[in-house]
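One-letter residues, chain by chain:
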Amino acid sequence: MLSKKYKNKPNKRKRPLNKFESFRKGLERNKIFFEVLVTLSLSTMALFVSCQANTIASNQTAIAEAENMPVFEIKSTYYDDYDRKEYTEHKVKITNEGGPIYGFDSDVVTFLNIDYLDSKDGYSKKNIRVPLQGYFTASLVTSKVKGELATVQGYLNNSKYYDLTQEILNGPDPEERLIDIEIQVYVKIRYEDFLHRYNEEYYYVPYLQTQKLSQSEGEAIFKEHSEELLSKGVEFQDLSRNKVIKIINEVNEDE
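Right, let's walk through the structure included here. Along every chain, residues carry numbers that run from 1 in the direction the sequence is written. In keeping with the model being predicted, local features are shown solely for residues with a pLDDT of at least 70 and side-chain atom pairs are shown and tallied solely at 80 or more, while totals for entire chains, interfaces and linings include all residues. Processing note: side-chain calculations cover all non-hydrogen atoms of the structure and skip hydrogens and water entirely.

We now examine the overall build of the protein chain. In DSSP terms, a helix is any run of H or I states spanning at least four residues, a strand is any run of E spanning at least two, and both are numbered starting from the N terminus. Scanning the protein chain for helices and strands turns up 6 helices and 10 strands. Between buried and exposed lies partly exposed: a residue is buried under 20% and exposed over 50% of the maximum accessible area for its type, with that area taken using a 1.4 Å probe on protein chains only. Put simply, the protein chain has 255 residues, and 33% of those count as buried. Counting contacts in the protein chain only where the partners sit at least 6 residues apart, residues at least 24 apart contribute 64% of the total. Note on contacts: a residue pair is in contact if any heavy atoms of the two residues lie within 4.5 Å.

A pair is scored as a salt bridge if a Lys or Arg side-chain nitrogen falls within 4 Å of a carboxyl oxygen belonging to Asp or Glu. What the rule picks out here adds up to 6 salt bridges. In this structure, arginine 129 engages glutamate 224 in a salt bridge whose closest nitrogen and oxygen atoms are separated by 2.7 Å. Residue arginine 129 is found in strand β4 (residues 124-133), and its partner glutamate 224 is found in helix α5 (residues 215-232); the two are separated by 95 residues along the sequence. Take glutamate 224: its relative accessible area is 22%, and that puts it in the partly exposed class.

The next subject is the layout of surface pockets. Cavities and pockets are found on a 1 Å grid laid over the protein atoms alone: a cavity is a set of points where a 1.4 Å probe fits but cannot escape, a pocket is an open set with protein on both sides within 12 Å along at least five of seven lines, and a lining residue has an atom within 4 Å of such a point. Grid points are joined across faces, edges and corners, and a volume is the space filled by probe spheres set on the points. One number sums up the size of the largest pocket: a volume of about 290 Å³. A per-element tally of the lining of the largest pocket places helix α6 (residues 241-254) first, with 6 residues.

Only when DSSP finds a minimum of two bridges between them are two strands counted as paired. Pairing is antiparallel across the open sheet formed by 4 strands, whose spatial order is β1-β2-β6-β5. The open sheet has two free edges, formed respectively by β1 (72-81) and β5 (138-141), since each of these has just one partner strand. Averaged over all neighbouring strand pairs, the angle between strand axes comes to 25°, with direction disregarded. For β5 and strand β6 (residues 147-153), the ladder comprises 4 bridges, and the chain directions are antiparallel. For valine 141, the partnering residue across the bridge sits in β6 and is alanine 150. Working convention: axes come from line fits to C-alpha atoms, limited for helices to the stretch in contact. Angles between N-to-C directions cover 0 to 180 degrees.

Read across the open sheet, the 6 strands follow the order β9-β8-β7-β3-β4-β10; overall the sheet is mixed. Unpaired on one side and paired on the other, β9 (211-213) and β10 (234-235) mark the two borders of the sheet. Pairing analysis gives 9 bridges linking strand β3 (residues 102-118) to β4, with the strands arranged antiparallel. Opposite leucine 117, over in β4, you have lysine 125 as the bridge partner.

Nonpolar side chains in soluble globular proteins tend to be buried together. Among the nonpolar cores identified, the biggest contains 36 residues, and Ile114, Ile179, Ile181 and Ile189 are the most heavily contacted of them. Elements with a contribution of two residues or more to this core: β1, β2 (86-96), β3, β4, β6, α4 (157-170), β7 (178-192) and α6. When residues of this core are assigned to their parent elements, the largest contribution, 7 residues, is made by β7. Buried Ala, Val, Leu, Ile, Met, Phe, Trp, Tyr and Cys residues that are joined via side-chain atoms within 4.5 Å together make up what is termed a nonpolar core.

As a further point, take the side chain of arginine 177. Summarising the element assignment, arginine 177 is placed in the loop between α4 and β7. The class for arginine 177 is buried, based on a relative accessible area of 7%. Pairs of N or O atoms within 3.5 Å make up the polar contacts considered here, provided that, within protein, one atom can donate a hydrogen while the other can accept it, and that residues adjacent in sequence are counted only when both atoms are side-chain atoms. Polar side-chain contacts of arginine 177 include one of 3.0 Å to the side chain of asparagine 249. With sequence-adjacent residues up to four places away left out, arginine 177 is seen in contact with Tyr116, Leu117, Asp118, Ser119, Ile245, Ile248, Asn249 and Asn252.

Another point: α5. In this scheme, a helix's expected span is set at 1.5 Å multiplied by one less than its residue total. Here α5 is 18 residues long and its end C-alpha atoms lie 25 Å apart, about the 26 Å a rise of 1.5 Å per residue gives. Bend, at a single residue, is the angle you get between axes fitted to the 7 residues ending at that residue and the 7 residues starting at it. For α5, the principal kink sits at serine 226 and spans about 25°. Within α5, the full set of buried residues consists of Gly218, Ile221, Phe222 and His225. Packed against the buried residues of α5 are β3, β4, β7, β8 (198-204) and β9.

This part takes up the packing of aromatic side chains. Two descriptors summarise a pair of aromatic rings, namely the distance from one centre to the other and the angle between the planes of the rings. Geometry of aromatic contacts follows a simple scheme: Phe, Tyr and Trp rings, the Trp one being its six-membered ring, pair when their centres are within 6.5 Å, and the pair is stacked under 30 degrees between planes, edge-to-face over 60, tilted otherwise. Considering all chains together, one arrives at 9 aromatic pairs under this definition. Here tyrosine 135 and phenylalanine 136 contribute two aromatic rings whose centre-to-centre distance is 4.9 Å and whose plane-to-plane angle is 80°, an arrangement assigned as edge-to-face. A relative accessible area of 1% means that tyrosine 135 is categorised as buried. Residue classification places phenylalanine 136 among the buried residues on the basis of a relative accessible area of 18%. One aromatic cluster is present, formed by Tyr78, Tyr87, Tyr161 and Tyr207 through successive ring pairs. Remark: a charge is flagged as sitting over a ring if the NZ atom of Lys or the CZ atom of Arg is within 6 Å of the ring centre and within 35 degrees of the ring normal. Looking at arginine 129, its charged tip hangs above the ring of phenylalanine 111, at a distance of 4.3 Å from the centre.

What follows deals with unusual backbone geometry. Only a minority of non-glycine residues have a phi that is not negative, and only a minority of peptide bonds are not trans. Phi angles above zero are rare outside glycine, and leucine 156 is one such case at about 50°. Secondary-structure assignment places leucine 156 in the loop between β6 and α4. You can call leucine 156 buried: its relative accessible area is 18%. Positioned with a positive phi, histidine 196 is a non-glycine residue whose angle comes to about 60°. Its location among the elements puts histidine 196 in the loop between β7 and β8.

Purely spatial values, then, with no claim about function.
Below is the structure:
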């Protein structure tokens, strides 16, 4: 039998926790979870910052590289002879308006392109292209890394070309063919950029706007000129209306 001391003693009840104490208890129970979560969050933030830094560095490198890359201008120019009142010489100038280059070198090849309408074949348009040599006879190369790099030119070559076109236009052709000729100029340049990387580029340089060629196209054109120069090549100073007609006849006989 319980003594009177404990008989009427009330049961003890825990005091309810307030919100702050409940939050603290929750933190204590989930301490490891929160530590891992914080660590992962910091790692993610560090990775993000690192990626952003790499992106910024890459962009800065790309900008610096673009600012220091060469910018070539390759164009045809003509010497105006005031006494003759005509453009007597055709030149090709190569300049660099961009970043510095080193070890510059260039090659220029020319073709005689012949388009004609054959009366025997319903005036269908045909084309012949043969390697040409002697159109440009001099090459002036500077040692500059920027500005004017090289000039190629030929003595009175444009006067000779103009006279040839007039001779073909006005002279009779026994086959009654309509003939048109054009001098095609191609340029290959080699150089090292400011990072000393070797580059090789190809250009087609007509009378008006220069066109940059793909690597494969440029290589094929220079290979064509090299391989066919001995067998089919013609000397510029030997060109005449009769020579052009002979080239056409020889091609037609081979077909």
